[in-house]
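Residue strings, one per chain:
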Amino acid sequence: MYSFEPNEEQQMLIDAVSRFAVNDLRPVAHDAEEEGKLPPKIISKGWEMGVLQASIPEAYGGFGEHSAVTGVLAAEEMAYGDLAGTLAVMTPSLFVLPILLAGTEEQKKQYIPPVIEADWQPYTAALIEYAFDFNALELRTTAVADGGDYVLNGEKTFVPYAKDAPAMIVYANLDGQTQAFIVPKTVAGLSVGEEAEKWMSLKALPTYRVKLENVRIPKANRLGGEAGHDVKPILAASWVALAALAVGVARAAFEYSRDYAKEREVFGVKVAQKQAIAFFLAEMATEIEAIRMLTWEAAWKLDTGAEDGYKAAYLAYMGAVDMAMMVTDRAVQILGGYGYIREYPVEMWMRNGRGFASFTGLAIV
Amino acid sequence: MTIEFETPKPIAQQQYVLKTVAENMMRSVSREMDENEHAIPYGYIEFMHAAMKATGAGSLAPKEEKKEEDANKPKRPPIGYQMLAHMLEMLAWGDVGMYLVTPGGGLGAAAVQAAATPEQKQKFLARFAGEKPTFAAMCMTEPGAGSDTSAIKTTAVLDEKTNEWVINGEKIFVTAGHKSMVPNDQFGKGFIVVWASIDPSAGRAGMRGFVIEQGTPGVTVTKLEHKMGIRASDTAAISLVDVRVPFDHVLGSPTVEKQTEKGFKKAMATFDATRPLVAATGIGVARAALEFVKEKLAENGIEIRYGLPCNQLTSIERDVIDMEVMLRAGWLMVIKAVWMADNSKPNALESSMSKVKAGDVTTKITQKAVELMGPLGYSREFLLEKWFRDAKITDIYEGTGQINRLIVARQILGYSGAELR
């Protein structure tokens, strides 16, 4: 059957996340971006809504089932409030969900409950590398088997909250394959940059460079154990998450510029009454809906184990990257000069919008 | 409710059969039909007529439920429009020009279905289940009135002495107008639905549809257009000079209610239902083109490497990925719009959005496909150049891309036609 309406539980979650996004995240987004810091209370309040906890089975300390569909619904809704805030609240999922998706039973039992049953703690993950041709399937960071250990070497960037993270997932190239490893903070050879990194946006989300110099971890810390795992489902779950976040950011920009266009007078009419602007808005709304549909279907394919789930997730992400840029750019254009002024939120959404091309690994559902 | 993307079983079965039809009865004669404009694909028409008679499928407006459902039987969600959208997509994948000459009444029957009384439906629609394939057509456009239907000049005046409507005017771009109105031994007797004003001072409120039967004096097919594509489909010009039809050939109320624009809204309601269906035909053409490209690339050992960052894709890979994104998104928007129609959810926005998107997707994909395939794309030895020509109509008929953008914009802004012109 085809069906396009969230179920009752999902709708309740969407409503709760929507309240948080509108009442909590959005009001602090501007100052958080300017000051480079989110109020900690906001993060814990977001965590307590239990979006991640609800996608973890009871056996591992949660109270639900993993569902990428539910995940993308929540992600869109929260990003509508603020992208940096959403990524901050959801940072622990970067650690938990890869273990849930690809870990052994022991790994799940050992690592998931301490994160899920506690207050928000910055468990995180390190995938991205600081190179224009970064490719998650051909990492420069290496893992080499050595006796009972793996030895990791390389440098990672864009690692949220790395400085305070008790542990992180590190992705590395093992014999040509991207594999994930659970790396505790205390291990020798792991160093985190002193200063938070500087990006075009997401200033409220502290991210760090992480250096791995002959980091030795036991073989048991490889996700999936000795046999390892297929990294593709993890990448796919990241792509649909990013696509959903892009839809949320784009929707925020679309609605703001639509409302502005209905207020602003030009030549005796509202600017929205000019076809040039009205057509902009019509196309923005159409593209948002188009990518939302692709994202939902891809998430549904991941949930149902469809053969082409990986491809569908990649396509949704590729479409979302272009859509987010187009929509946020036009939102700025519709506001004209005000679009360029930081007092208004649309220029930040445009800076967010460009980022989706580089965010693979920064979110997961 | 839930979020699901599983093709319902009856639809999957239908598609399996239709694919055979599309391959063996459409693709096989596609080129011939294109090179011989206005040739009639009798084989396809007769086959479809027989098949539709046997299965009851295919009318643009789904049949109303005949039997009361057994109360104990679990009720299945309605999928009538979803089945139609899939059917049209597959037939258009076969050949969209030939699909347009599928018997069963097309838009003419859809207008009757949407606006007629039960007696009128019986009178006008029963013929489509008859012995011979039969056509009907919708006459809206005039030389001076396209998307702006308030500019329609055709009039219908009631002759109270004979209780007949007298219709005068000139209609153009009538799809299947020739097959509906010019007698042909192979076909049943068709009709056209002509949109005319019963009160020119009332604007759109005065607009009504009138059923005019084949053979009615005063109706002449004056021209068959020569077109860029969809050449198997006849596009007729029809002149109406003192055409007299019985009183009960008017669809909807014969009195003018100036406040409500009811008459016109009936016509527009037809479009809410048919826009995603027309969008579906565009998606079918686009899919044909994209499949051709991927097949040729595969033959030449070019594999699309899904999963790479975009700065490491080749130009061709990037193009194919963009085309796949567009095609799938466009199709899902169609499915959502018809799913809403099936579930009686108001879908004016989704319906127009799906048409906006399909118009873009269909033209962009076919244009890019010809570009990518070089001489193979431009050659008449393959069908790709034909699909490029066929595709363009998707962004024009059933409301141009621009008119549909206007409708989407009005919906999202909460503006009336007067506020956003």
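Quick notes on the rules
- Residues numbered from 1 in each chain as written.
- Chains lettered and ligands numbered in written order.
- Predicted model: local features only at pLDDT ≥ 70, side-chain atom pairs only at ≥ 80, totals over all residues.
- Helix = DSSP H or I, 4+ residues; strand = E, 2+ residues; numbered from the N terminus.
- Rg over C-alpha atoms; globule rule 2.2 N^0.38 Å.
- Buried ≥ 20, exposed ≤ 12 C-beta atoms within 10 Å, placed from the backbone.
- Contact = placed C-beta atoms within 7 Å.
- Core = buried A, V, L, I, M, F, W, Y, C linked by C-beta atoms within 7 Å.
- Pairing = 2+ DSSP bridges.
- Nonpolar A, V, L, I, M, F, W, Y, C, P; charged D, E, K, R; others polar.
- Domains from an automatic or database assignment.
- Expected span 1.5 Å × (residues − 1).

Caption draft 1: Representation of the overall build of chain A within the structure. In terms of helices and strands, chain A carries 11 helices and 10 strands. In summary, chain A has a C-alpha radius of gyration of 20 Å against a globular reference of 21 Å for 365 residues, a match within 12%. With the principal axes as the frame, chain A shows a C-alpha extent of 80 × 50 × 35 Å. Within chain A, the fraction of its 365 residues that count as buried is 57%. A fraction of 75% describes how many contacts in chain A between residues 6 or more apart in sequence connect residues 24 or more apart.

Caption draft 2: Quick peek at the overall build of chain B. Assigned secondary structure in chain B consists of 11 helices and 9 strands. Its C-alpha atoms give chain B a radius of gyration of 22 Å, within 12% of the compact-globule value 22 Å for 421 residues. Projected onto its principal axes, the C-alpha positions of chain B cover 75 × 50 × 45 Å. Contacts in chain B between residues far apart in sequence, at least 24 positions, make up 76% of those at least 6 positions apart.

Caption draft 3: Structural detail: the nonpolar core. All names here are of chain A. Counting residues in hydrophobic clusters, the biggest one holds 274 residues, and the most contacted among them are Met168, Val240, Ala316 and Ala320. The element best represented in this core is helix α7 (residues 232-263), accounting for 20 residues. Contacts of Met168, omitting those with residues within four sequence positions, involve Phe95, Tyr123, Thr124, Ala125, Ala126, Val159, Ala162 and Val183.

Caption draft 4: Representation of the pairing of strand β5 (residues 167-174) of chain A within the structure. Residues and elements named next belong to chain A. The element β5 is extensively covered by neighbouring structure, given that 6 of its 8 residues are classed as buried. Pairing of strand β2 (residues 124-126) with β5, which is carried by 3 bridges, proceeds in the parallel orientation. In the sheet register, Ala125 faces β5, and the bridge partner there is Ile169. Note: β5 against strand β6 (residues 177-184), 8 bridges, orientation antiparallel. Across the sheet, Val170 pairs through a bridge with Phe181, a residue of β6.

Caption draft 5: Focus on the interface of chain A and chain B. Each partner contributes to the interface: chain A provides 37 residues, whereas chain B provides 36 residues. Put simply, the parts of the chain that give the side of chain A that touches chain B at least two residues each are β1 (2-4), α7, α8 (275-304) and α9 (309-335) of chain A. No other element matches the 15 residues that α8(A) contributes to the side of chain A that touches chain B. In terms of residue class, the side of chain A that touches chain B is built from 23 nonpolar, 6 polar and 8 charged. The pairing of β1(A) with strand β1 (residues 3-5) of chain B spans 3 bridges and is classified as antiparallel. For A:Ser3, the partnering residue across the bridge sits in β1(B) and is B:Glu4.

Caption draft 6: Focus on the domain arrangement of chain A. All names here are of chain A. In terms of domains, chain A is made up of domain 1 (8-116), domain 2 (124-227) and domain 3 (232-358). Put simply, the middle of domain 2 and the middle of domain 3, counted by C-alpha atoms, are 31 Å apart. Contacts between domain 2 and domain 3 engage 5 residues on the former and 7 residues on the latter. Here the side of domain 2 that touches domain 3 is built from residues that sort into 4 nonpolar, 1 polar and no charged.

Caption draft 7: Fine view of the domain arrangement of chain B. Residue and element names in this part refer to chain B. For chain B, the assigned domains read domain 1 (9-66 + 77-103), domain 2 (108-258) and domain 3 (264-413). Domain 1 and domain 3 are separated by 19 Å when their C-alpha centres are compared. At the interface, 22 residues of domain 1 touch 21 residues of domain 3. Those elements that place two or more of their residues in the side of domain 1 that touches domain 3 are α1 (9-35) and α3 (80-99). With 14 residues, the top contributor of residues to the side of domain 1 that touches domain 3 is α3. When its residues are assigned to classes, the side of domain 1 that touches domain 3 shows 15 nonpolar, 4 polar and 3 charged.

Caption draft 8: Geometry of helix α5 (residues 93-102) of chain A. Residues and elements named next belong to chain A. A large share of α5 lies buried, amounting to 10 of its 10 residues. Looking only at α5, the buried set comprises Ser93, Leu94, Phe95, Val96, Leu97, Pro98, Ile99, Leu100, Leu101 and Ala102. Against the buried residues of α5 lie α6 (105-116), β2, β5, β6 and α7.

Caption draft 9: Structural detail: α9(A). Residue and element names in this part refer to chain A. With 27 residues, α9 should cover 39 Å at 1.5 Å per step; its first-to-last C-alpha distance of 38 Å lies within 8% of that length. Across the 27 residues of α9, 21 count as buried, placing the element largely inside the fold. Positive phi shows up at Gly336, right after α9, with a value of about 60°.

Caption draft 10: The pairing of strand β4 (residues 164-175) of chain B, seen in detail. Residues and elements named next belong to chain B. For strand β3 (residues 155-159) and β4, the ladder comprises 5 bridges, and the chain directions are antiparallel. Note on β4: the bridge partner recorded for Ala156 is Ile167. Counting the residues between successive antiparallel strands, the hairpin from β3 to β4 contains 4 residues, one of them, Asn163, with a positive phi of roughly 55°.

Caption draft 11: Structural view of the environment of A:Ser238. All names here are of chain A. Mapping Ser238 onto the fold places it in helix α7. Linking Ser238 and Gly148, residues 90 residues apart in sequence, is a C-alpha distance of 31 Å. Apart from residues lying up to four places away in sequence, Ser238 is in contact with Thr360, Gly361, Ala363 and Ile364.

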